[in-house]
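Observations on the model geometry
So you can see what is in the structure, the chains are spelled out below.
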Amino acid sequence: MLPARLPQMPEVWRLESKPHKFCPGCGHGIVLKCLGEAVEELGLVDRTVFACDIGCSLLAWDFFNLDTVQTHHGRTLPVLAGLKRVRPELVVVAYMGDGGAYAIGAQHLVASAGRDDPVTVIVVNNTVYAMTGGQMAPTTLPEEKTETTPYGRRVEENGPSLRGPELVASIASPGAYVARGSVARVRQLKGFIKKGLRAQVEGGHLAFIEALSTCPTNWRTNARETWRFLEEKMHKHFPLGEYAPAQAVREEGGGAQPPRKS
Amino acid sequence: METKPIRGEQRAFMTGNEVIAWAALAAGAEVMYGYPITPQSEIMHYWARLAPRYGRRFLQTEDELAAGFTTLGAVLAGEVAFTATAGPGNVLMQEPLSMAEMMRLPAVVIIAQRGGPSTGTVIYSQQEFNLTCYGGNGEGLRIVYSPSHHQELFDYTLKAFHTAWKYRFPTFILGDGYQSKMREPVTLYDPAERGLEVAPSRPLVGVPGTPGRDRPPVHLRNTYNLEEELYEALQETIEAYDRAAPEIAEWEAYRAEDAEYLVVAHGVVARAAREGVRLLRDAGIRAGAFRPITLRPFPQKELREMASRAKTVLVMESSYGQLEREIRAQLYGLTVPLKGYRRPGVGITPEEVVREVQKYATRSAAPDA
Ligand SMILES: Cc1ncc(C[n+]2csc(CCOP(=O)(O)OP(=O)(O)O)c2C)c(N)n1
Ligand code: SF4
Ligand SMILES: [Mg+2]
């Protein structure tokens, strides 16, 4: 039970731009609430620069009382990598969709993970290109119907659904933080984001948090079906938890890295 | 740590790429982000070697998209930053530069033109005129300098940083492979010692104070919901550009005052034009040369004045009509005949200038022409 006097919105949410522009039932708002609270609780409001991609994340361009830059589709990470290098005292948060992170911006994700850029990356995985009307994304589940896979995603044709944190963990440096949360596990997700901010601020490392999220508009689902798709299908395909960077495991003499459940 | 890379006037004999690296240092550039491509790579090589000595930074990025976008990140943070590229890299660079155009981010980009289309050659061309002046899905709201010798490479690279930050438009140095690789004498200097103005940089995000409490948050966007919203934002940028244009536009003329045959060329081709004009004058032909130093904004008024006095305007370029189309547009309404000499991806010599002008001069000198 929440205490009655707890404010409904984090202070860092900008009242002037509320109600926000996401569809009813969208997961973006939940992720941004976790992020807002995490930034506040760690006392980082003064020095955080938030950057959003193009995708439904672009709707967050005036969401926070934080200095904010809207970038291009897939290019949020290099903008912040370039910024952070010259202003290391700032805390930078890259907010993007699964299409931006894993398709058009994949090379930037690989390069930033490889360089261990001290950026906190939050990827909202809703298994589709939402903003453009629900086309297939790298994360689209096998057999999932989208506008460009009207008969369901065929693995033989499009490959299996991409798992981002696993990819990042396989190339991330020791000290980097990698996790997958879900808007259905809010407290855990917020905890991951907090750890991800700490990894940047205290450790000077990359942090990568994927948030499994909902898109009832493009999934064409009602509330119950939306939640079922998230909790039954997505949670099963994309295991929640923290992922140890493979470089660290390798140095410790380990082999493959199963997700460290938290 | 040494902070001033150049003290006093330094005579040097070096390649254009090296000149540019020194100019960026002298201009106070803090950071270069770049991706290798011939013929610009040595700008990065020199910068990577020199930068740490003066507390400057370098990062080799994963591609030109990242080179451009990291540069924008540094600019947003308030640092003087630049990148360099060529050919196919210039194509990729247009994406970040269109964001810079929209958001008024003063990034500086050095272009060393190589042959195109596609991978073309690694050698030389003037085929990146269109791309550099009008690339991206926008309106060409950029500043483009086209230097023609090494002293200008130095002078205008220095100036590009100043112009970019003063007017807040992305700014290009449009060089080419010849200029990049050739050695020439040049005088390096510190702009402050010569009393040259260097516009200060300032952070656009991450400014002091708690956003929402002490000050409004900075919210920078490039996406608009409504046609009118975009139109209004763009109108403001266009007006700022048009206001600044007369202060920025630069040109050079050589014996053009009384020229009957006016050769128009930019970059290294303008050197051939100048030498050709000298030879033609020696032969008694009233030739002259006009050279836009800024391709964007274009020095229209001056060109129209000189062109309107000429019998023929001859546009010479190492591309297939890219400059000619621009000149046609700039001279629209004048009756002077306009001819083109198009050598895509190939250099042009003074002898060719003489030969081409003579074609028209001979014709009009013929008794019944
Ligand atoms: C270079 C480029 N290509 C394509 C687009 C069109 N586009 C806008 S958003 C988007 C997909 C967004 O999907 P995702 O990143 O998953 O974000 P979501 O909307 O699902 O949150 C695309 C393809 C674009 N803006 N820029
Ligand atoms: S389209 Fe989907 S992701 Fe975008 S705001 Fe609506 S519900 Fe959210
Ligand atoms: Mg998506």
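1. Section: the domain arrangement of chain B
All names here are of chain B. Domain annotation for chain B reports domain 1 (9-194) and domain 2 (252-365). Between the C-alpha centres of domain 1 and domain 2 there is a distance of 27 Å. Buried area between domain 1 and domain 2, both sides added, is near 2,100 Å², and the carbon and sulfur share of it is 49%. Interface area lost by domain 1 to domain 2 is led by Gln126, Phe129 and Ser146, which between them contribute 32%. Taken together, the links from domain 1 to domain 2 amount to two salt bridges. The partner of glutamate 152 in a salt bridge is arginine 291, and the shortest N-O contact between them spans 2.5 Å.

2. Here we look at the side chain of Arg153(A)
Residue and element names in this part refer to chain A. Looking at the secondary structure, you find arginine 153 in the loop between β6 (135-136) and α5 (155-158). Buried arginine 153, no salt bridge; nearest opposite-charge side chain is glutamate 144, N-O distance 7.1 Å. A polar contact of 3.0 Å, which involves the side chain of arginine 153, links it to the backbone oxygen of glycine 159.

3. Describing the coordination of the magnesium ion (ligand 3)
All names here are of chain A. Listed as protein donors to the magnesium ion (ligand 3) are Asp98 (OD), Asn126 (OD1) and Val128 (O); their distances from the metal cover 2.0 to 2.2 Å. One chain supplies every donor for the magnesium ion (ligand 3), spaced along it as D-x27-N-x1-V. On the criterion of sequence distance, the pair formed by aspartate 98 in helix α3 (residues 98-104) and valine 128 in strand β5 (residues 128-129) is long-range, its members being 30 residues apart.

4. A closer look at the nonpolar core
Trp22(B), Phe82(B), Leu105(B), Phe154(B), Leu262(B), Val313(B) and Ile327(B) are the most contacted members of the largest nonpolar core, which totals 119 residues. Ranked by residues supplied to this core, first place goes to helix α6 (residues 150-167) of chain B with nine residues. Residues Val45(A), Ala184(A), Leu230(A) and Met234(A) belong to the second largest nonpolar core, which totals 50 residues.

5. A look at the pattern of salt bridges
This structure, assessed with the given rule, holds 42 salt bridges over all chains. With a shortest N-O distance of 2.9 Å, Asp67(A) and Arg215(B) are connected by a salt bridge. Taken as a pair, Asp67(A) in strand β2 (residues 67-70) and Arg215(B) in the loop between β8 (183-188) and β9 (219-220) lie in two separate chains rather than in one. A residue is classified by how much of its surface remains accessible, and Asp67(A), at 1% relative accessible area, is buried. Take Arg215(B): its relative accessible area is 14%, and that puts it in the buried class. The partner of Glu324(B) in a salt bridge is Arg342(B), with the nearest N and O atoms 2.9 Å apart. Here Glu324(B), found in helix α11 (residues 322-330), pairs with Arg342(B), found in strand β15 (residues 338-342); they are 18 residues apart in sequence, far enough to count as distant. Accessibility expressed as a relative area gives 5% for Glu324(B), which makes it buried. You can call Arg342(B) partly exposed: its relative accessible area is 32%.

6. What to know about the site of ligand 1
Residue and element names in this part refer to chain A. Taken together, 16 residues sit near ligand 1, with Cys56, Asp98, Gly99, Gly100 and Met131 positioned nearest. Aspartate 98 is positioned such that a nitrogen or oxygen atom in its side chain is 2.4 Å from an oxygen atom of ligand 1. Interatomic distance of 2.8 Å between a backbone N/O atom of glycine 100 and an oxygen atom of ligand 1. In the complex, 75% of the free accessible area of ligand 1, which totals 590 Å², lies under the protein chains. Broken down by class, the residue content of the shell around ligand 1 amounts to seven nonpolar, eight polar and one charged. Each of two domains, domain 1 (34-93) and domain 2 (109-186 + 200-255), supplies a minimum of three residues to the shell around ligand 1.

7. Thoughts on the interface of chain B and chain A
Many analyses report the size of an interface as the accessible area lost when the parts associate. With 38 residues of chain B at the interface, the matching set in chain A holds 32 residues. Summed over both partners, the interface of chain B with chain A buries about 3,000 Å², with 56% contributed by carbon and sulfur atoms. On the chain B side of the contact with chain A, Glu62(B), Phe69(B) and His219(B) bury the most area, a combined 19% of that side's loss. Put simply, chain B and chain A have four salt bridges between them. Across the pair Glu95(B) and Arg75(A) runs a salt bridge whose closest N-O atoms are separated by 3.1 Å. At the boundary of chain B and chain A, one finds 22 residue pairs in polar contact (both at pLDDT 80 or more). Here the element with the most residues in the side of chain B that touches chain A is helix α3 (residues 64-76) of chain B; it accounts for seven residues. When β2(A) meets β9(B), the two strands line up parallel, connected through two bridges. Looking across to β9(B), one finds that Thr68(A) is bridged to His219(B).

Rules of the game
- Residues numbered from 1 in each chain as written.
- Chains lettered and ligands numbered in written order.
- Predicted model: local features only at pLDDT ≥ 70, side-chain atom pairs only at ≥ 80, totals over all residues.
- Heavy atoms only, no water.
- Domains from an automatic or database assignment.
- Buried area = accessible area lost by both parts, 1.4 Å probe.
- Salt bridge = Lys/Arg side-chain N within 4 Å of Asp/Glu carboxyl O.
- Helix = DSSP H or I, 4+ residues; strand = E, 2+ residues; numbered from the N terminus.
- Buried < 20%, exposed > 50% of the residue type's maximum accessible area, 1.4 Å probe, protein only.
- Lys, Arg positive; Asp, Glu negative; His and termini not counted.
- Polar contact = N/O pair within 3.5 Å; in protein donor to acceptor, adjacent residues only side chain to side chain.
- Donors = N, O, S within 2.8 Å, 3.2 Å for Na, K, Ca; no water.
- Core = buried A, V, L, I, M, F, W, Y, C linked by side-chain atoms within 4.5 Å.
- Near = heavy atom within 4 Å.
- Areas by Shrake-Rupley, 256 points an atom, 1.4 Å probe, with all protein chains shown as cover.
- Nonpolar A, V, L, I, M, F, W, Y, C, P; charged D, E, K, R; others polar.
- Contact = heavy atoms within 4.5 Å.
- Pairing = 2+ DSSP bridges.

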